[in-house]
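If you want the building blocks of each chain, they are given just below.
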Amino acid sequence: MIGIVGWGTYIPRYRIKTTEIAESWGDDPLRIKDMYLVEEKAVGLFDEDTVTMSVEAGRIAIRRAGIDASHVGAIFVGSESKPYAVKPISSILIDALGTSRNVFTADLEFACKAGSDSIVSAMGLVKSGMVKYGLAIGTDASQGEPGEHLEYSVGTGAAAYVIGSNNVAAEIKAVHPFVSDTPDFWRREGYPFPVHGEGFTGEPAYFKHVITAAKELMTELGMKPSDFDYAIFHQPNARFPLRAASILGFPLDKVKDGIVVDKIGNTYSAAALMGLANVLEKAKPGSKILMVPFGSGAGANAFYIETTDLVVEKAKMGKTVEQYLAEKVYIDYSYYLKYRKLIRLH
Amino acid sequence: MVEQNLSIPKYWRRTQQYYRLVATRCAKCGKTYFPPRRVCDCGNDALDPFELPKNGSLVTLTVLRSVSVDFEKQRPLLIGVVDLGGVKLMGQIVDCPSPTALRAGTPMEVVFRRVKEDGEHGIIYYGYKFRPVKGCES
Ligand SMILES: [Zn+2]
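Small disclaimer: the values here were computed from a predicted structure and weren't measured. (Residues numbered from 1 in each chain as written. Chains lettered and ligands numbered in written order. Predicted model: local features only at pLDDT ≥ 70, side-chain atom pairs only at ≥ 80, totals over all residues. Heavy atoms only, no water.)

On to the overall build of chain A. Along its length, chain A carries 13 helices and 15 strands. Against the globule reference of 20 Å for 346 residues, chain A gives a C-alpha radius of gyration of 19 Å, in line with a compact fold. For chain A, the C-alpha atoms occupy an extent of roughly 55 × 45 × 40 Å along the three principal directions. Counting over 346 residues, chain A shows a buried share of 63%. Across chain A, contacts joining residues at least 24 apart in sequence account for 79% of those joining residues at least 6 apart. Carbon together with sulfur atoms contributes 53% to the accessible area of chain A, which is approximately 12,700 Å² in total. (Helix = DSSP H or I, 4+ residues; strand = E, 2+ residues; numbered from the N terminus. Rg over C-alpha atoms; globule rule 2.2 N^0.38 Å. Buried < 20%, exposed > 50% of the residue type's maximum accessible area, 1.4 Å probe, protein only. Contact = heavy atoms within 4.5 Å. Areas by Shrake-Rupley, 256 points an atom, 1.4 Å probe, with all protein chains shown as cover.)

Residue and element names in this part refer to chain A. Each assigned domain of chain A is listed here: domain 1 (3-169 + 324-339) and domain 2 (171-312). Taken together, the contact between domain 1 and domain 2 spans 53 residues of the former and 47 residues of the latter. Here domain 1 meets domain 2 over a buried area of about 3,900 Å², counting both sides, of which 66% is carbon and sulfur. The tally of links from domain 1 across to domain 2 stands at two salt bridges. (Domains from an automatic or database assignment. Buried area = accessible area lost by both parts, 1.4 Å probe. Salt bridge = Lys/Arg side-chain N within 4 Å of Asp/Glu carboxyl O.)

Attention shifts here to the pairing of strand β2 (residues 14-17) of chain A. Residue and element names in this part refer to chain A. The sheet contact formed by β2 and strand β3 (residues 40-43) spans four bridges and is antiparallel. Of the residues in β3, the one forming a bridge with Tyr 14 is Val 43. Alignment of β2 against strand β15 (residues 329-330), held across two bridges, turns out to be parallel. Bridge pairing in β15 links Arg 15 to Tyr 330. (Pairing = 2+ DSSP bridges.)

What follows deals with the coordination of the zinc ion. Residue and element names in this part refer to chain B. Taken together, the protein donors to the zinc ion comprise Cys 26 (SG), Cys 29 (SG), Cys 40 (SG) and Cys 42 (SG), at separations of 2.3 to 2.4 Å. Each of the four donor atoms around the zinc ion contributes to a set of angles spanning 104 to 119 degrees, which defines the coordination as tetrahedral. In primary-sequence terms, the residues that donate to the zinc ion follow C-x2-C-x10-C-x1-C. Using a relative accessible area of 4% as the deciding quantity, one classes Cys 40 as buried. (Donors = N, O, S within 2.8 Å, 3.2 Å for Na, K, Ca; no water. Tetrahedral: all angles 85-135°; square planar, octahedral: opposite > 155°, others 65-115°.)

All names here are of chain A. Core analysis: the biggest nonpolar cluster contains 101 residues, and Tyr 161 and Ile 163 have the highest contact counts within it. When residues in this core are grouped by element, the largest group, eight residues, is from helix α3 (residues 50-65). If we ignore the near neighbours within four places in the chain, the residues touching Ile 163 are Ile 2, Gly 3, Ile 4, Val 5, Ile 119, Ala 122, Met 123, Val 126, Lys 132, Tyr 133, Gly 134 and Ile 172. (Core = buried A, V, L, I, M, F, W, Y, C linked by side-chain atoms within 4.5 Å.)

With that settled, the discussion passes to unusual backbone geometry. The residue after Phe 34 of chain B, namely Pro 35 of chain B, is reached through a cis peptide bond having omega 0 degrees. Structurally, the position occupied by Pro 35 of chain B is in the loop between β2 (32-33) and β3 (47-51). Note the cis peptide between Arg 75 of chain B and Pro 76 of chain B, where omega equals -5 degrees. Structurally, the position occupied by Pro 76 of chain B is in the loop between β4 (55-64) and β5 (77-84). One non-glycine residue, Lys 87 of chain A, lies in positive phi territory at about 145 degrees. Locating Lys 87 of chain A in the fold gives a position in the loop between β4 (72-78) and α4 (89-97). At Asn 167 of chain A, a position not held by glycine, the phi torsion is positive, near 50 degrees. Here Asn 167 of chain A is to be found in the loop between β7 (156-164) and β8 (170-179).

As a further point, take α4 of chain A. Residue and element names in this part refer to chain A. Here α4 lies mainly inside the structure; eight of its nine residues are buried. Along α4, the positions that sit buried rather than exposed are Ile 89, Ser 90, Ile 92, Leu 93, Ile 94, Asp 95, Ala 96 and Leu 97. Directly beyond the C-terminal end of α4, a positive phi value near 75 degrees is found at Gly 98.

The interface is formed by 29 residues belonging to chain B together with 30 residues belonging to chain A. Summed over both sides, the interface of chain B with chain A buries roughly 2,500 Å², with 48% coming from carbon and sulfur. In terms of surface lost to chain A, no three residues of chain B exceed Lys 73, Phe 112 and Arg 114 of chain B, which account for 25% of the buried area on that side. Remark: the boundary between chain B and chain A carries six salt bridges.

By secondary structure assignment, the location of Arg 131 of chain B is in strand β8 (residues 124-132). Each residue touching Arg 131 of chain B, except ones within four places of it in the same chain, is listed here: Tyr 10, Arg 13 and Lys 319 of chain A together with Val 94, Asp 95, Pro 107, Met 108, Glu 109, Val 111 and Arg 113 of chain B. There is a polar contact of 2.8 Å between the side chain of Arg 131 of chain B and the side chain of Asp 95 of chain B. Of note is the side chain of Arg 131 of chain B, whose polar atom sits 2.8 Å from the side chain of Glu 109 of chain B. (Polar contact = N/O pair within 3.5 Å; in protein donor to acceptor, adjacent residues only side chain to side chain.)

This paragraph deals with the packing of aromatic side chains. Using the criterion set out here, one finds 22 aromatic pairs over all chains in the structure. Between Tyr 128 of chain B and Phe 130 of chain B, the ring centres sit 5.9 Å apart and the planes meet at 55 degrees, which makes this aromatic pair tilted. The burial state of Tyr 128 of chain B is the same as that of Phe 130 of chain B; both residues are buried. Here the aromatic residues Tyr 14, Phe 46, Tyr 335 and Tyr 339 of chain A are joined through ring pairs into a cluster of three or more. Positioned above the aromatic ring of Phe 110 of chain A, the side-chain terminus of Lys 113 of chain A is 4.0 Å from the ring centre. (Phe/Tyr/Trp six-rings, centres within 6.5 Å; stacked < 30°, edge-to-face > 60°. Lys NZ or Arg CZ within 6 Å of the ring centre and 35° of its normal.)

Below you can see the structure in the form of structure tokens.
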């Protein structure tokens, strides 16, 4: 049995309400809230980045796994907002988490999908017997250009998963990819803010890839939406996963626990993985979960995951998403600009 | 406290200490050292490395409004002394915009943060800081 042995998340403590941002730019606050269904988003302080958040989430994941850090044989980090263009996050984690030095390490990028590709990569090494445990992380601290709509949803966070075959809290029974060259969203090297491809966001990108990956996985398994207890989708806003659920035929009560974007914003590579953490922290043993992370460019991985008897006990072994959501300090737009380094400081 | 004026090699040699709070304990008399030492006051040179606990309590703090040029844009800077399992450490306190809520005994946790960066093109230094476990509303 290969699956999730431990998991951990990190959400910064500061929050800004989307209405506060809207008021700063003269948008109608209620219209913005209704458009994205994002109430507030997590704001990393100036000393937080994808390295620091990976360390925090990774420490919790290893604790929940109940293993010694020296047993981790692989570390993969999926991110599109690395502090260095060249210098890996994963090697800093070796020393910050105290693993051995004989660890397969790499940072992966596929817009918001790479966190889930880290899980797939770790699964492969565990399944082949090359490593005992792999640590897979999705993290982002991306930026939206001030005054542009992306700013309403872009959040900050990390989610880490220890993948292995002993003491599994949730078995990953199948993964199914669906990828095509789609110009929906990109960021050129050296440019701080991403750009949307006019006419390609939404239908031809997110919905096509998420729905197809989910449908093909269910066909392959001979399963239907009513066989699942939870469905989790990538969440650039809360409207998209709700719509994906309704297209596929999942009722609201099966998707709501997997949606956290309304409280922390879009954490990109961590987004669906954060939803999964919240679900694992609430799920009963034997729960069947469909998870479909998506990344622009564009592709989706559809996962079929089933919790074991250990899930309840492991949920109690570390800080939960719900605890992070409750610990917050609101800031106004001027502090937001300062904390996110959106004003140029010399 | 993570030192601010270190060269890259000097900093790199201390990453275990700055990243994971690795201290040493004398195998003979049990005395602990952070920063870690190789030889104990008792003369014994068999010291075992161990990680300090990541939770502790606040001993004292001070608010700095006049700071070095690297930290000017982070003012006011909160510097505190935190007791981690009997070892007292000085460090920056973050995630607390209203320090009046903090007092001796407030539960604190260790966080991993950026400490400093060498301009826009240089290396980023990471290390430990502290924050109140339960937020900082009074
Ligand atoms: Zn001694």
